[in-house]
Amino acid sequence: ASAASVRNMVKKIISQEVPNKPLSDEAITKMISEQGIDLARRTVAKYREMLNIPSSSQRRMQARLSEFR
């Protein structure tokens, strides 16, 4: 799979996650590997950063803050 298609997969997976329980890079890696694409967790982190998507802990904090608004 091309890097662009894998980045799109990462973006799609994160967009469909439950806001209060964001997926870790490791969980995203496992979901992609189930589709037959061998990928390292560090690669998922790199692609997530390229897409300007915060880490799971930062996404969790943003979800909690948005609950109070």
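No experiment lies behind these values; they were computed from the predicted model shown.

Thresholds, definitions, all that
- Residues numbered from 1 in each chain as written.
- Predicted model: local features only at pLDDT ≥ 70, side-chain atom pairs only at ≥ 80, totals over all residues.
- Heavy atoms only, no water.
- Helix = DSSP H or I, 4+ residues; strand = E, 2+ residues; numbered from the N terminus.
- Contact = heavy atoms within 4.5 Å.
- Lys, Arg positive; Asp, Glu negative; His and termini not counted.
- Charge placed at Lys NZ, Arg CZ, Asp CG, Glu CD.
- Salt bridge = Lys/Arg side-chain N within 4 Å of Asp/Glu carboxyl O.
- Buried < 20%, exposed > 50% of the residue type's maximum accessible area, 1.4 Å probe, protein only.
- Phe/Tyr/Trp six-rings, centres within 6.5 Å; stacked < 30°, edge-to-face > 60°.
- Lys NZ or Arg CZ within 6 Å of the ring centre and 35° of its normal.
- Axes fitted to C-alpha atoms, helices over the stretch in contact; angles between N-to-C directions.
- Parallel < 35°, antiparallel > 145°, perpendicular 65-115°, else oblique.
- Left-handed = near helix turned anticlockwise from the far one by under 90°.
- Expected span 1.5 Å × (residues − 1).

Student: Looking at this structure, how should I read the overall build of the chain?
Tutor: Scanning the chain for helices and strands turns up four helices and zero strands. For the chain, the α and β elements follow one another from N to C terminus as α-α-α-α. Reported as C-alpha extents along the three principal axes, the dimensions of the chain are approximately 40 × 20 × 15 Å. Relative to all contacts within the chain whose residues are 6 or more apart in sequence, the contacts with residues 24 or more apart total 53%. Between the centroid of the 13 positive side chains of the chain and the centroid of its 7 negative side chains there is a distance of 4 Å.

Student: Honestly, the pattern of salt bridges in this entry has me stumped. Any pointers?
Tutor: Two side chains with opposite charge may pair up if their charged atoms get near one another. The final tally for this structure, using the stated rule, is two salt bridges. The partner of glutamate 17 in a salt bridge is arginine 59, and the shortest N-O contact between them spans 2.7 Å. Placement of glutamate 17 in the loop between α1 (3-15) and α2 (25-33) and of arginine 59 in helix α4 (residues 56-67) is noted, with a sequence separation of 42 residues between them. Given a relative accessible area of 15%, glutamate 17 falls into the buried group. Between arginine 48 and aspartate 25 there is a salt bridge, and its shortest N-O distance comes to 2.9 Å.

Student: Please explain the side chain of serine 56 as it appears in this structure.
Tutor: Tracing the backbone shows serine 56 in helix α4. Serine 56 has contacts with Pro22, Leu23 and Ser24, leaving out every residue within four places of it along the chain.

Student: Whenever I open this one, the packing of aromatic side chains confuses me. Can you help?
Tutor: For any two aromatic rings, the description comes down to two numbers: the centre-to-centre distance and the angle of the planes. Counted according to the given criterion, the structure contains zero aromatic pairs. In this structure, arginine 7 packs its charged tip against the face of tyrosine 47, placed 5.6 Å from the ring centre.

Student: Please explain the packing of α1 against α2 as it appears in this structure.
Tutor: Helices that pack against each other are described as a pair by the angle of their axes relative to one another and the distance between those axes. Between α1 and α2, whose axes approach to 11 Å, the crossing angle comes to 120°. As the angle between them shows, α1 and α2 are arranged oblique. Along this stretch, α1 crosses α2, giving a crossing that reads as right-handed. Contacts from Val6, Met9, Val10, Ile13 and Ile14 of α1 reach α2 at Ile28, Met31 and Ile32.

Student: I would appreciate a short explanation of α1 in the present structure.
Tutor: One turn of the α-helix equals 3.6 residues, which is why residues spaced by three or four share an orientation. With 13 residues, α1 should reach 18 Å at 1.5 Å per residue; the first-to-last C-alpha distance of 18 Å fits that figure. Summarising the contacts, the buried residues of α1 are in contact with α2, α3 (41-50) and α4.

Bear in mind that shape data such as this cannot, by itself, settle questions of function.
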